[in-house]
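# Fold and geometry: a report
Below, each chain spelled out in residue letters.
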Amino acid sequence: MTAETEELAEQRLLEIRTSPHIRSPLATPQVMRGVLIALIPASAASIYFFRIQALLLILTSVVACMGVEALCQFLLKRPISVGDGSAAVTGLLLALVLPPGLPLYYVALGAAFAIIIGKQIFGGLGYNIFNPALIARAFLMAAFPGRLTTWLEPFTLKVVGSVDAITKATPLALMKFYSEPTPLKNLFFGNVAGSLGETCALALIIGAAFLLIKGYMDWRIPLSYLGIVFILSALIWKFAPGSGSPLFHLLSGGLLLGALFMATDPVTSPVTKTGRWLFGIGAGLLVIIIRNWGGLPEGVMYSILLMNAVTPLINRLTKPKPFGAAK
Amino acid sequence: MKNNLQMIAVLTLLGVASGGGLVFMARYAEPLIAQHQEESIKEAVRQVLPAFDLAREKIIKADGQKVYAEYDDQGNLVGYAFKAEGPGFQDKIFIMIGLAPDLEHLAGIKIMDPLKETPGLGEKIKSEAWFQEQFRGKDVSRPLKIKPERPADVDAITGATISSQAVTRIINGNIPFIKEAVKRGSGSEAPEQSP
Amino acid sequence: MKRNPGIIVDFTKGLWQDNPVFRQLLGMCPTLAVTGKALQGLTMGLAVTFVLVSTGIVISLIRKIVPRQVRIATFTVTIATFVTLADRFLAARFPAMSAALGPYVPLIVVNCIILGRQEAFTSKNPLLPSLFDAFGMSVGFTWALVVLGCIRELLAYGSIFGQSVLGTSFEPWVVMALPPGAFITLGLLIGLMNVIQKKKEARGKE
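Residues numbered from 1 in each chain as written. Chains lettered and ligands numbered in written order. Predicted model: local features only at pLDDT ≥ 70, side-chain atom pairs only at ≥ 80, totals over all residues. Heavy atoms only, no water.

### Overview of the overall build of chain C
For chain C, the count of helices and strands is nine helices and two strands. When the helices and strands of chain C are read in sequence order from the N terminus, they spell out α-α-α-α-α-α-α-β-β-α-α. Here chain C has a C-alpha radius of gyration of 18 Å; the compact-globule value for 206 residues is 17 Å, and the two agree. Considered along the principal axes of its C-alpha atoms, chain C spans approximately 60 × 55 × 30 Å. Within chain C, the fraction of its 206 residues that count as buried is 48%. Within chain C, contacts between residues separated by at least 24 positions form 76% of all contacts whose residues are at least 6 apart in sequence. Per element, the accessible surface of chain C, about 9,700 Å² overall, is 70% carbon and sulfur. Distance between charge centres in chain C, computed from 19 positive and 9 negative side chains, equals 7 Å. (Helix = DSSP H or I, 4+ residues; strand = E, 2+ residues; numbered from the N terminus. Rg over C-alpha atoms; globule rule 2.2 N^0.38 Å. Buried < 20%, exposed > 50% of the residue type's maximum accessible area, 1.4 Å probe, protein only. Contact = heavy atoms within 4.5 Å. Areas by Shrake-Rupley, 256 points an atom, 1.4 Å probe, with all protein chains shown as cover. Lys, Arg positive; Asp, Glu negative; His and termini not counted. Charge placed at Lys NZ, Arg CZ, Asp CG, Glu CD.)

### Concerning the interface of chain B and chain A
Counting residues at the interface gives four residues for chain B and four residues for chain A. Both sides of the chain B and chain A interface together cover about 330 Å² of buried area, and 74% of this is carbon and sulfur. Interface area lost by chain B to chain A is led by Leu121(B), Pro148(B) and Arg150(B), which between them contribute 80%. Our count for the chain B to chain A interface comes out at zero salt bridges. Seen at the junction of chain B and chain A, the total is zero residue pairs in polar contact (both at pLDDT 80 or more). For the side of chain B that touches chain A, the class distribution of residues is three nonpolar, no polar and one charged. (Buried area = accessible area lost by both parts, 1.4 Å probe. Salt bridge = Lys/Arg side-chain N within 4 Å of Asp/Glu carboxyl O. Polar contact = N/O pair within 3.5 Å; in protein donor to acceptor, adjacent residues only side chain to side chain. Nonpolar A, V, L, I, M, F, W, Y, C, P; charged D, E, K, R; others polar.)

### Examining the confidence of the model for chain C
Summarising the model, chain C shows a mean pLDDT of 89, and 97% of its residues fall at 70 or more. We note a pTM of 0.82 for the whole complex and an ipTM of 0.82 for its interfaces. (pLDDT = per-residue confidence, 0-100.)

### As for the nonpolar core
By size, the foremost hydrophobic cluster in this structure holds 94 residues, and its most contacted members are Tyr225(A), Phe261(A) and Trp173(C). By residue number, the principal contributor to this core is helix α3 (residues 40-75) of chain A, which donates twelve residues. Setting aside chain neighbours within four positions, we find Phe261(A) in contact with Ala38(A), Leu39(A), Leu93(A), Leu204(A), Gly207(A), Ala208(A), Leu211(A) and Leu256(A). Within the second largest apolar cluster, 40 residues are counted, among which are Ile33(B), Val48(C), Leu85(C) and Leu145(C). (Core = buried A, V, L, I, M, F, W, Y, C linked by side-chain atoms within 4.5 Å.)

### Some remarks on a nonpolar patch on the surface
Residue and element names in this part refer to chain A. Taken together, Leu212, Trp219, Leu223, Trp277, Ile281, Leu285, Ile289 and Trp293 make up a surface patch of nonpolar side chains, about 790 Å² in accessible area. Ranked by residues supplied to the nonpolar patch, first place goes to helix α14 (residues 273-293) with five residues. The topology assignment puts Trp219 in the loop between α10 (201-214) and α11 (220-239). (Patch = residues over 30% accessible without salt bridge, like charges linked within 9 Å, V, L, I, M, F, W, Y side chains within 5 Å.)

### As for the pairing of strand β4 (residues 92-99) of chain B
All names here are of chain B. When you tally the buried positions in β4, you get seven out of eight residues, the bulk of the element. As paired strands, strand β3 (residues 77-87) and β4 are joined by eight bridges and run antiparallel to one another. Paired with Ala84 across the bridge in β4 is Ile95. Counted between consecutive antiparallel strands, the loop separating β3 from β4 contains four residues. Across six bridges, β4 lies against strand β5 (residues 106-112) in antiparallel orientation. Bridging from a neighbouring strand, Ile97 pairs with Ile109 of β5. Counting the residues that bridge the hairpin from β4 to β5 gives six residues, and of these Leu103 lies at a positive phi of roughly 65°. (Pairing = 2+ DSSP bridges.)

Encoded structure:
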């Protein structure tokens, strides 16, 4: 079915229509493949730091997401579109925002939640309000708060599921609760405790650069998001040096992963350019507020989810007026 | 006019009937409710000051609140108990604070019902017994410190830092009041002999 | 005897067709707040049953002597009286349950189902249909709360009505004991009801 329509579209390459013209978006499978490639460095880094457990976690999450998606579409009698890669991206992103020591049962549960509640219930790809991977993480966080806030020190996990691994607080928690700074070098290369994919800033930047060059990613959201966090944390740092330097805030926690790969999800972020600036600024503000004055050390997940929720409003607010239209 | 009278009549009758029903229920329920409350307080006092004898209790009243001075069957002071309350993470937390006779050490604490902290998290301040137990015998001549403050007198529950801190804060906040109440009320009368 | 089918419909409509929770979406406050455990849901359901049925009897009996202008005042006084009776009784006899339900028993006063039924039904109908209507709505409300309570208790505590079902190895889903769990469960149940209803209607048309 879908292959046929694509062929048809390609045959009618020369088409003339009256305005308004909307530039056709890139085909879904192509973008998804790009995102998967862009996440390879971060995945590789996580496997390097957290060994076989990271690999198992990623595999479980991706396979579970794709399986549940296929099953859902089969049961709902919708066309089965697992091949478009969106479920794989959701699965990979979910794995990358989970703590390395999480038992695989919870990973599979989160994956099922991401696809069923996060995506298919709304009508499938393109209709979901929230980023499926993040909504699943929020669910797991609310359901199993203890497990979702237990972090491992890199390289200490030897046997899968064993309790040998050494737990350690994340750099943000160390800063917030114990005023203990983490060397920026460790944050940049990823030798710190945290979610699978968030620890290594270098790997995330490489992946994002690939997406930018390929034109698969809009730069406005990451720029405004990271920019606001940088500026505000610099301001706060000036008055309260215990709050952490702006570079520390940029490199620690899930900020880079969130800003580069989650906030830019085209389905759940605004379509207008102004809207994207607003989205990034709002998310950045929320991160700063939660990190500095909230009960939690990290706020990237909630900042993006909250901005997802107001995205329809932003779209409506920033919708360009047709030229000459009456007020 | 007739309509007005009817309105007044109907509402008056309904009001009287309703009032009558409520009085009837109050007569039945209020003593039972008061009894439950008293029992829950007694139970909590028994847990923070184990050796006391119900028969010898002195109630010190201060600012409309009650501090219980408890004695054993020989008439020796066992300690003081006070039901304190304060904001937790979700709702108020009620704590029975037991103080040793020297007023400088905690005899024990008991988190009371209703506890509305998050199930599985904040609620652990009650369900995990070690948390309440660790307060026994702690020196409270200065405010208690809880992790991550250093040096910490007591441990916080992982994932329930805010509820744990609330407990410490409620205790720290109420000890001066208990001391003050005991000092003001002390030496006035011998242990009350309740029937 | 002729009115009997009507009376049966008065009763059954509250169970499914016009279920107060799943179809009318009324009384959401207790529905979401007290269904963390099945027993709490059941108690709340019974309390609402008592208030709804008692109020229904009174309002239906006095419907002819109440002037239109003061009917809402009459409803409110009657409802408030029965709610207070239920609340005090619970506090006197079941202090633990009363503490667990907290302010939600007194809040039955503002439960839209109760005022709604008086305005829509009992103030216009004789005693018998009013009774059946009140019972139907009450049972509909109660089963909805119990189902929600069972699902949430099972996942949040691994038990149903306090009886352990899933064993000790089950790790509770804390979220199900919290408001988000209530919203998720309710949403899924309403969706499920809609699917069943659509299927039913589709079959009816064939």
